[in-house]
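# Fold and geometry: a report
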Amino acid sequence: MSERPRVAARPAAPRLLQSAGFRFALLFVAIFSVAAGFLVAVLWWATAGALDRQTIAAIRTDATSLVERYREQGSTGLAEAIEERLALDAQNETIYLLVDGEGRRLAGNLRDWPTAIGEDGAWFRTRIQHDGAVAEARVHRRDLPGLRLLVGRDESERVQLRLLLTEGVAWSLGTVLLFAGVGAALIRRALQVRMRPAVATALGIAGGDLTHRVPISPQGDEFDRLGASMNDMLDRIAALMSGLRGVSDAIAHDLRTPIARARAKLEESLNTAAGEAELRAAMEEGIADLDNITRVFQALLRIAEAEAGARRAAFAPLDLPEVLRDAAEFYEAMAEAREQRLVTSLPEHLRLVGDRDLLLQAVANLLDNAIKFTPQGGVIRLAARETETLIEISVSDSGPGLSPRDRAHALERFFRADSSRQMPGSGLGLSLVRAVAQLHAGEALLLDANPGADPPGLRVVLRLPKP
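Being a predicted model, the structure only gives us computed values, none of them experimental.

The rules behind the values
- Residues numbered from 1 in each chain as written.
- Predicted model: local features only at pLDDT ≥ 70, side-chain atom pairs only at ≥ 80, totals over all residues.
- Heavy atoms only, no water.
- Helix = DSSP H or I, 4+ residues; strand = E, 2+ residues; numbered from the N terminus.
- Buried < 20%, exposed > 50% of the residue type's maximum accessible area, 1.4 Å probe, protein only.
- Contact = heavy atoms within 4.5 Å.
- Pairing = 2+ DSSP bridges.
- Axes fitted to C-alpha atoms, helices over the stretch in contact; angles between N-to-C directions.
- Core = buried A, V, L, I, M, F, W, Y, C linked by side-chain atoms within 4.5 Å.
- Left-handed = near helix turned anticlockwise from the far one by under 90°.
- Nonpolar A, V, L, I, M, F, W, Y, C, P; charged D, E, K, R; others polar.
- Phe/Tyr/Trp six-rings, centres within 6.5 Å; stacked < 30°, edge-to-face > 60°.
- Salt bridge = Lys/Arg side-chain N within 4 Å of Asp/Glu carboxyl O.
- Parallel < 35°, antiparallel > 145°, perpendicular 65-115°, else oblique.
- Patch = residues over 30% accessible without salt bridge, like charges linked within 9 Å, V, L, I, M, F, W, Y side chains within 5 Å.
- Areas by Shrake-Rupley, 256 points an atom, 1.4 Å probe, with all protein chains shown as cover.
- pLDDT = per-residue confidence, 0-100.

## Overview of the overall build of the protein
From N to C terminus, the protein includes 11 helices and 12 strands. When the 467 residues of the protein are sorted by exposure, 34% land in the buried category. In the protein, 61% of the contacts between residues at least 6 apart in sequence involve partners at least 24 apart.

## Observations concerning the environment of D154
With respect to the helices and strands, the residue D154 is situated in strand β5 (residues 147-154). Separated by 16 residues in sequence, D154 and R138 place their C-alpha atoms 6.8 Å apart.

## Notes on the pairing of strand β11 (residues 443-447)
Residues of β11 alternate between two faces, with A444 and L446 buried on one and E443, L445 and L447 left unburied on the opposite face. One ladder, built from five bridges, connects β11 with strand β12 (residues 459-465); its direction is antiparallel. Bridge pairing links L446 to V460 in β12.

## Topic: the sheet that holds β12
Backbone-to-backbone hydrogen bonds pair the strands of a sheet. The strands run either parallel or antiparallel. Spatially, β7-β9-β10-β12-β11 is the arrangement adopted by the five strands of the open sheet, whose pairing is mixed. Both edges of this open sheet fall to β7 (341-345) and β11, since each of them pairs with a single strand only. Averaged over all pairs of adjacent strands, the angle between strand axes in this sheet comes to 15°, irrespective of strand direction. Here β7 pairs with strand β9 (residues 379-386) via five bridges, running parallel.

## Details of the side chain of R138
Relative to the elements of secondary structure, R138 occurs in strand β4 (residues 133-144). With residues up to four places along the chain from it excluded, the contact list for R138 reads D52, T55, I56, I59, W123, F124, R125, V151, G152, R153 and E155.

## Re the nonpolar core
Core analysis: the largest hydrophobic core is formed by 41 residues, its most contacted members being L320, L367, L382 and I393. Mapped by element, the contributors of at least two residues to this core are α8 (320-337), α9 (356-373), β9, β10 (390-396), α11 (429-439), β11 and β12. With nine residues, α9 is the largest single contributor of residues to this core. Apart from the residues lying within four places of it in its own chain, the contact partners of L320 are L350, L352, I391 and I393.

## Here we look at the packing of α9 against α11
Where α9 meets α11, the closest approach of the two axes is 9 Å, and the angle between their N-to-C directions is 145°. Crossing of α9 over α11 shows left-handed handedness. Contacts between α9 and α11 involve L358, L359, Q361, A362, N365, L366 and N369 from the first element and G429, L430, L432, V433, V436 and L439 from the second. When its residues are assigned to classes, the contact of α9 with α11 shows nine nonpolar, four polar and no charged.

## Here's the deal with the packing of aromatic side chains
In this structure the tally under the stated criterion is one aromatic pair. With 5.1 Å between their ring centres and 80° between their planes, F330 and Y331 make a pair best called edge-to-face. You can call F330 exposed: its relative accessible area is 58%. Residue Y331 is classed as buried on the basis of its relative accessible area, which comes to 10%.

## Some remarks on the pattern of salt bridges
What the rule picks out here adds up to 16 salt bridges. What you see here is one network of salt bridges that share partners, running through R385, E392, E443 and R463.

## Looking at α11
Of all 11 residues in α11, eight are buried, a share of seventy percent or more. Positioned one or two residues after α11, A441 has a phi angle of 60°, which is positive.

## Re the packing of α8 against α9
As a packed pair, α8 and α9 sit with axes 9 Å apart at the nearest point and diverge in direction by 30°. As judged from the angle between their axes, α8 and α9 are roughly parallel. As for how α8 packs across α9, the hand of that crossing is right-handed. On the side of α8, the interface is formed by V323, L324, D326, A327, A328, Y331, M334 and A335, while α9 contributes R356, L360, V363, A364, L367, D368 and I371. Across the contact of α8 with α9, the residue classes break down as 12 nonpolar, no polar and three charged.

## Focus: a nonpolar patch on the surface
On the surface, M195, V199, L203 and L226 cluster together into a nonpolar patch covering about 350 Å² of accessible area. By residue number, the principal contributor to the nonpolar patch is helix α4 (residues 156-206), which donates three residues. Considering the arrangement of structural elements, one finds L226 in helix α5 (residues 222-254).

## Here we look at the confidence of the model for the protein
With 82% of its residues at a pLDDT of at least 70, the protein reaches an overall mean of 79. Low confidence marks residues 1-10, where pLDDT is under 50. Its contacts with residues over four positions away, or in another chain, come to two contacts.

## Overview of the side chain of D62
Looking at where D62 falls in the secondary structure, it is placed in helix α3 (residues 48-88). For D62, a relative accessible area of 7% corresponds to the buried category. In contact with D62, not counting residues within four places along its chain, are R85, Y96, V151 and R153.

## Section: the pairing of β10
The buried count for β10 comes to six of seven residues, which makes it a mostly enclosed element. Relative to β10, β9 runs antiparallel, the two sharing six bridges. Each residue of the ladder has a partner; that of L382, found in β10, is V395. Between the antiparallel neighbours β9 and β10 lie three residues. Where β10 meets β12, seven bridges bridge the pair, whose relative direction is antiparallel. Of the residues in β12, the one forming a bridge with V395 is V460.

Put into structure tokens, the structure is as follows:
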């Protein structure tokens, strides 16, 4: 048997680059380094740059003054001015050289004209022989009629200062990068610590345990808000999974009976029917039972679509009273047939953004339940009103109502109170109402229509946010 090929180990560098914490750390280092570089540039401009600017300004001023002296007193006055300045230079920093057209020195403290000096008005940095030693100098050349003038400053001390500044800047940048690296490592570590609970929760959920939740710290930062959002999502998933299990159990129990009954009727008719008429009647009863089962599945599908948000694409502006009047008009005849009164209290206009068909179906379910449980001569009320932040739709009846215990489960799929089991229905009407309310970011409430009365009746309220 051939040996299985080994998967090559991934290099450490790519794995490190895939870490979000490491990338955040690199971003921190980059920002910190740019800020430090900007600070060093400002420091350099304010020190070494200031010294250079000061030297250039002093040379320019000195050269301009000497040119003016030449214009006033000629070459003799210029030579005297140079000697005066050299005599007053206690620090021995000034550099002067005045030569004639043939290169003979007339005044100054340089022996020869430097070979690197070019045309008139130019600035140069050069090495010169100054006071018996080689020195770094910045010089400026000015040409006069028959004369050449060189004015400059000895920059040996400034060069040494610049070297010290450069060394200090290098050490400072090295220290900055060191601290940036340490800070980046701390940031990466902090991110890993803050993300570890969320990762552990995700791994627990992936392992099949839906009870895991992200712990929330008292800091209330972005990670806590992310954890709270994840917990809300997990609560929603757990509720949907619980509902799915409930639906599966309910289908297995509640639909098994009508399916078995329809099959038994058809089998009995097949074996015992005396003629075509009896067989036809049995088939019609079986079809009616299957139609009821189909309606249950259609209701379950509508509830699933509403809970999953699949119908949100059908949202559109609508006038809610118009929808409610259509439902009331359809069920008013049914109420009259049972000697009941359907009373409406609707505004002229009430704008809402939602799914018209689902809202109509939800109100129709409420009216159907109200008519079903209201005794002969009772009153059913359909109302809608607007508050500052909500739109309320309510359907009230004068029936027996629901006990607090039944009210807590009435919005669940296939739930039927003991007093209603003998009536036709599947226990999905209020479940659809709740799903429609949640699809529209609202809620469904079950209340007593007439608190304190006997019977109290039932009032179902849909509270939907205003657009």
